[in-house]
Amino acid sequence: MRIDILTIFPEFFSVLDVSLVGKARQSGLIDLRVHNLRDHTHDRHNTVDDTPYGGGAGMVMKPEPWGEALDEIIGEVSGGAAGADAGADAGPVLIFPSPAGELFTQKMARSLAEEPNLVFGCGRYEGIDQRVFDHYAASGRVRLISLGDYVLNGGEVAVMAMIEAIGRLIPGVVGNPESLVEESHEDGLLEYPSYTKPSSWCGHDVPPVLLSGNHGAIAAWRREQQLARTRQVRPDLLPPANSEE
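Residues numbered from 1 in each chain as written. Predicted model: local features only at pLDDT ≥ 70, side-chain atom pairs only at ≥ 80, totals over all residues. Heavy atoms only, no water.

Concerning unusual backbone geometry
What counts, and what does not: Secondary structure is summarised from DSSP: a helix means a run of H or I of at least four residues, a strand means a run of E of at least two, and numbering begins at the N terminus for each. Relative accessibility decides the category of a residue: with a 1.4 Å probe and only protein chains considered, values under 20% of the type maximum give buried, values over 50% give exposed, and everything between is partly exposed.
Across the junction of Lys197 and Pro198, the peptide omega takes the value 5°, indicating a cis bond. Mapping Pro198 onto the fold places it in the loop between helix 5 (156-167) and strand 8 (200-201). At Tyr125, a position not held by glycine, the phi torsion is positive, near 60°. In this structure, Tyr125 sits in the loop between strand 6 (117-121) and helix 4 (130-136). Despite not being glycine, Cys202 shows a phi value in the positive range, around 50°. A relative accessible area of 60% means that Cys202 is categorised as exposed.

Re the sheet that holds strand 1 (residues 2-7)
Quick reminder of the rule: For two strands to pair, DSSP has to find at least two bridges joining them. Helix axes use the C-alpha atoms of the stretch in contact, all axes being lines fitted to C-alpha atoms, and the angles between their N-to-C directions lie in the range 0 to 180 degrees.
The strand order across the open sheet formed by 5 strands is 2-1-6-5-7, and the pairing between neighbours is parallel. The open sheet terminates on both sides in strands that have one partner only, identified here as strand 2 (31-36) and strand 7 (142-146). This sheet shows a mean twist of 30° between the axes of neighbouring strands, independent of strand direction. When strand 1 meets strand 6, the two strands line up parallel, connected through 5 bridges. Across the sheet, residue Ile5 finds its bridge partner in strand 6, namely Phe120.

Describing the pairing of strand 1
Moving residue by residue along a regular strand, the side chains alternate between the two faces of the sheet. This is how it is decided: Handedness of a crossover is defined as follows: orient the strands so they point away from the viewer, and if the path from the first strand over the helix to the second runs clockwise, the crossover is right-handed.
The buried fraction of strand 1 amounts to 6 of the 6 residues, a majority that puts the element mostly inside the structure. In strand 1, alternate side chains face the same way, and those of Arg2, Asp4 and Leu6 on one face and Ile3, Ile5 and Thr7 on the other are all buried. Of the strand pairs in this sheet, strand 1 and strand 2 are connected by 6 bridges, and their pairing is parallel. Within the sheet, the bridge partner assigned to Asp4 lies in strand 2 and is Arg33. Handedness of the β-α-β unit built from strand 1, helix 1 (residues 19-27) and strand 2 comes out right-handed.

Remarks on the nonpolar core
Spelled out, the test is: We define a nonpolar core as any set of buried Ala, Val, Leu, Ile, Met, Phe, Trp, Tyr and Cys residues linked to one another through side-chain atoms lying within 4.5 Å. Two residues form a contact once any of their heavy atoms are found within 4.5 Å.
Grouped together as the largest cluster of nonpolar side chains are 30 residues, with contacts concentrated most on Ile5, Phe104, Leu112, Phe120 and Ile166. Looking at this core, the elements with two or more residues in it are strand 1, helix 1, strand 5 (93-103), helix 3 (106-112), strand 6 and helix 5. Looking at which element gives the most residues to this core, the answer is helix 5, with 7 residues. Sequence-distant contacts of Ile5, that is, excluding residues within four places in its chain, are made with Phe13, Leu16, Leu32, Arg33, Val34, His35, Phe120, Cys122, Val159 and Ile163. Ile8, Ala69, Val119 and Ile128 belong to the second-largest nonpolar core, a separate cluster that totals 18 residues.

Describing the side chain of Arg141
Filter applied, for reference: Under the rule applied, a polar contact is a pair of N or O atoms within 3.5 Å (in protein, one hydrogen donor and one hydrogen acceptor; residues adjacent in sequence only if both atoms are side-chain atoms).
Mapped onto the secondary structure, Arg141 falls in the loop between helix 4 and strand 7. The class for Arg141 is buried, based on a relative accessible area of 15%. Side-chain polar atoms of Arg141 contact the backbone oxygen of Gly91, separated by 3.1 Å. Looking at Arg141, its side chain comes within polar contact range of the side chain of Glu115, at 2.9 Å.

Read these as geometric descriptors, not functional statements.
The structure is reproduced here in structure tokens:
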């Protein structure tokens, strides 16, 4: 998978050189490229923002640097087609973190992990000029995505979180693929609690069923724990039949 990131803070993403994503980059499973949006400005101050039409606080990111940068990336990935000419099935998926976007989920991460090319655009200030989204939406490949019901200073943190969630689902990135199967949200429920040695610590004992060797009983206990934890912490995830106490 090729991942491109557009940002005015490229140094923000140096952390992606460590851990599993870093190893995936080294092995060639992920081709991750970070681009400085200011490289696509043409004034001596490298200006990427201006005051909003209609008034209001803050600044809005200008469309010209975004258009030039995105056309360059899309053209490279798509073999020359860029912007609205890329087509609905051609070119990368363009992802912009936004509190006005659709909610990022594990299901979405798994779907995006199957894409060959992703481009993340990190907005700042009061956001990106709407015309950028409108212009590239003709390709049917633009997605505004929100991590949750809160606001960050910029898109960089959200992009890092999405890349972590998506990248670990790419085949070969996680050493033991079975570890991905029983995680929180994979089946719509939160994950059951985990334990390791020693069997007793600070007066807290590992549940006896986990020491029993009875795999059927262990599976049943883990399912019960998933339901109980989800009911307590995220009852909104449960179907009506399982949401009652």
